[in-house]
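A closer look at the structure
Here are the chains, one letter per residue:
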Amino acid sequence: MDTGKTYELTADEILYLSAGLGMDTFYGVPDGLSGLSWQMLQLRIMELQDSLCRKEYMQPDFDGNNQTDSELLEMLSVCGDGDGFICFESSMKGGAQTGYFYFVKGRRAYKMTPQGEQYLFAPVLPEEIKEKILNEIVWKETLSTQEHSFSILQKNLEKAAKLTGRDAGEQAGGLLKEAGAGPAITQAILDGISRQADFYSLFFYSAHAQETPGLSVQFLQGKILTRMEYDTIGDEDSVTFCPTDRGALETLLRQGLNMLIPDHPVAEPDINQFT
């Protein structure tokens, strides 16, 4: 069960408060402050302080200095300087889109959900995140295929997307087939471009990983399941499309979740035993 305060902040409010905690960036939040001149930045800071006071997240003290809600600052510290985060995005057939972040630090976690120009922060229990994310994925019946993986340059994939948007799906399919796509994967990609297939994107980042700190899992769910991997061919960005199945994807998802939320976490010490 979720407990604790919730907060609604704009991107600039998040960056302003985070900068006061010594953070240069905040994952998932666009930076609209660093490009401002010194004069414009000072004016913007005054506006942000006024906005935070109106939300009662900041209060002036007897000396005229602004004091920020300590729980808010603690929350931002967990989110911006924690063990890592999980980014979840989905675009469902028919138009429904979802996107949010989970930030984790020890036994504390917060969910950040964009809502228009505001970002809603709500506390969650780390052990509930796995179930919440896995339940967010709506698995549908798909067909198996004997087709092989293929890679295509990012620029050619973008060209295929533009052709599809101009009702030139046959030409777009020709570009994919030239790169080595079979009929089933070609149709899956075209359906994904035209939002006639479900798309899921999850990124798991661990600040304490010894080797690769991040794991990306992106896939299309149409008539077949197709995973997307990003690489380079020569000096150019490319995308590899791999036919897959639900079992393989669930294994990857659990691998990413275990990076931040192990099945058997080490209990934090009870400070009372030392007093």
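Described below are features of the structure shown in this document. (Residues numbered from 1 in each chain as written. Predicted model: local features only at pLDDT ≥ 70, side-chain atom pairs only at ≥ 80, totals over all residues. Heavy atoms only, no water.)

A look at the pairing of strand β9 (residues 198–206)
Looking at chain direction, strand β4 (residues 84–91) and β9 are connected through 8 bridges and run antiparallel. Each residue of the ladder has a partner; that of Phe 85, found in β9, is Tyr 205. Examined bridge by bridge, β9 and strand β10 (residues 214–221) share 8 bridges and lie antiparallel to one another. Directly across from Tyr 205, in β10, lies its bridge partner Gly 214. (Pairing = 2+ DSSP bridges. Helix = DSSP H or I, 4+ residues; strand = E, 2+ residues; numbered from the N terminus.)

Side note on the side chain of Arg 227
Looking at where Arg 227 falls in the secondary structure, it is placed in strand β11 (residues 225–233). Residue Arg 227 is classed as buried on the basis of its relative accessible area of 14%. Separated by 3.1 Å, the side chain of Arg 227 and the backbone oxygen of Ser 216 make a polar contact. Excluding residues that lie within four positions of it along the chain, Arg 227 makes contacts with Ser 216, Gln 218, Phe 219, Thr 240, Phe 241, Cys 242, Thr 244, Leu 249 and Leu 252. (Buried < 20%, exposed > 50% of the residue type's maximum accessible area, 1.4 Å probe, protein only. Polar contact = N/O pair within 3.5 Å; in protein donor to acceptor, adjacent residues only side chain to side chain. Contact = heavy atoms within 4.5 Å.)

Points about helix α4 (residues 126–136)
Looking at α4, one finds that the buried residues are Pro 126, Ile 129, Lys 130, Ile 133 and Leu 134. Along the axis of α4, the buried positions cluster into a sector of 115°, meaning they face one direction only. Exposed and oriented more than 90 degrees from the buried face of α4 are Glu 131 and Asn 135. (Arc of directions from axis to C-beta.)

So, the environment of Tyr 119
Here Tyr 119 lies in strand β7 (residues 118–124). Setting aside residues up to four positions removed in sequence, Tyr 119 forms contacts with Tyr 7, Glu 8, Leu 9, Thr 10, Ala 11, Ile 14, Gly 28, Val 29, Pro 30, Met 112, Thr 113 and Pro 114.

Some words on the environment of Met 92
If you trace the backbone, Met 92 turns up in the loop between β4 and β5 (97–105). Residue Met 92 is classed as buried on the basis of its relative accessible area of 16%. Each C-alpha atom of the pair Met 92 and Gly 20 lies 38 Å from the other, and the pair is 72 residues apart in sequence. With near-sequence residues (within four places) excluded, Met 92 lies in contact with Val 138, Asp 198 and Tyr 200.

Structural notes on unusual backbone geometry
With phi around 60°, Asp 167 is a residue other than glycine that occupies positive phi space. Take Asp 167: it is sitting in the loop between α5 (154–165) and α6 (169–178). For Asp 167, a relative accessible area of 75% corresponds to the exposed category.

What about the packing of aromatic side chains?
Taken as a whole, this structure holds 16 aromatic pairs when the rule is applied. With 5.3 Å between their ring centres and 25° between their planes, Phe 85 and Tyr 205 make a pair best called stacked. Of this pair, Phe 85 sits in strand β4 while Tyr 205 sits in strand β9, and the two are 120 residues apart along the sequence. Accessibility expressed as a relative area gives 22% for Tyr 205, which makes it partly exposed. Taking the centre distance of 5.2 Å and the plane angle of 25° together, the rings of Tyr 200 and Phe 219 count as stacked. Taken as a pair, Tyr 200 in strand β9 and Phe 219 in strand β10 lie far apart in primary sequence, 19 residues in all. (Phe/Tyr/Trp six-rings, centres within 6.5 Å; stacked < 30°, edge-to-face > 60°.)

Concerning the nonpolar core
Core analysis: the biggest nonpolar cluster contains 27 residues, and Leu 9, Phe 26, Met 75 and Phe 121 have the highest contact counts within it. For this core, the elements supplying multiple residues, two or more each, are β1 (7–10), α1 (11–20), α2 (38–54), α3 (70–80), β4, β5, β6 (108–115) and β7. Ranked by the residues each element gives to this core, the list is headed by α3, at 5 residues. Setting aside its immediate chain neighbours within four residues, Met 75 contacts Tyr 7, Leu 9, Tyr 110 and Phe 121. The next biggest cluster of nonpolar side chains, apart from the first, holds 26 residues, and it includes Tyr 100, Leu 202, Phe 204 and Leu 225. (Core = buried A, V, L, I, M, F, W, Y, C linked by side-chain atoms within 4.5 Å.)

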